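Okay, here's what each chain looks like letter by letter:
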Amino acid sequence: MLQNKETLVQIDKIDRRILAQIQKDASLTNQQLAEKVGLSPSPCLRRVRALEDAGILVRTVTVLNHKKLGLSLTVIILIGMDRHTPERFAAFEEQVSEYPEILECYLVTGHDADYMLKVVVPDMDHYHHFLLNRITRIQGVSGVHSSFVLKRVIDSTALPLGYLS
């Protein structure tokens, strides 16, 4: 069923059903999950533990409603760096990892940018402060391009599982 953690893990139909259900609702009890995937509780729990041990199930989180918490501005920021050295990139990544406003950070190609950040803040004033007092003060940041999200068309954390064999 499962291979070494360093290689692609082989999963079967039941594992895919387990993963699909957990992605929809991680708060399911083992009993509820077992019923949904057509297993008895003990084999279901063994499979979930095997998926955890294989590194497929990484962590369980609760998704919060950002608007109800007053975090209504989402910004995609493209960052250009002045030098492309491992030390410069490592320092940038260490710094941005300290900012809770940054939900995602990617090292990217294209777009005349080196990094793409997804940032959530209450409003434009907070974003302005965040940009001027945090992002632009990181050593090596040479360019910033901000795009403001007007609407979340797709907002999912679920991975596509249909292609897995």
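Fair warning: this is a prediction, and the values are worked out from it, not measured in the lab.

Another point: the overall build of the protein. A count of helices and strands for the protein gives five helices and four strands. In sequence order, the secondary structure elements of the protein are arranged as α-α-α-β-α-β-β-α-β. Relative to the compact-globule value of 15 Å for 165 residues, the protein shows a C-alpha radius of gyration of 20 Å, a clear excess of over 25%. Residues classed as buried in the protein amount to 30% of the 165 residues present.

The subject of this paragraph is the nonpolar core. In this structure, Ile77, Ile79, Phe92, Ile102, Tyr127, Phe130 and Ile135 are the most contacted members of the largest nonpolar core, which totals 20 residues. For this core, the secondary-structure elements that each account for two or more residues are β1 (73-81), α4 (86-96), β3 (115-121) and α5 (124-133). Of all the elements, β1 adds the most residues to this core, at five residues. Apart from the residues lying within four places of it in its own chain, the contact partners of Phe92 are Ile79, Met81, Cys105, Tyr115, Ile138 and Val141. If you look at the next biggest cluster of nonpolar residues, it comprises 14 residues, including Leu19, Val37, Cys44 and Leu161.

Bringing α5 into the picture now. Restricting attention to buried positions, one finds in α5 the residues Tyr127, Phe130 and Leu131. Down the axis of α5, the buried side of the element spans an arc of 95°, and every buried residue falls inside it. Among the exposed residues of α5, those pointing more than 90 degrees away from its buried face are Asp125 and His129. The opening residue of α5 is Asp123, an N-cap whose side-chain oxygen sits 3.2 Å from the backbone nitrogen of Asp125.

Rules behind the numbers
Residues numbered from 1 in each chain as written. Predicted model: local features only at pLDDT ≥ 70, side-chain atom pairs only at ≥ 80, totals over all residues. Heavy atoms only, no water. Helix = DSSP H or I, 4+ residues; strand = E, 2+ residues; numbered from the N terminus. Rg over C-alpha atoms; globule rule 2.2 N^0.38 Å. Buried < 20%, exposed > 50% of the residue type's maximum accessible area, 1.4 Å probe, protein only. Core = buried A, V, L, I, M, F, W, Y, C linked by side-chain atoms within 4.5 Å. Contact = heavy atoms within 4.5 Å. Arc of directions from axis to C-beta. Polar contact = N/O pair within 3.5 Å; in protein donor to acceptor, adjacent residues only side chain to side chain.

Purely geometric numbers; function is a separate question.
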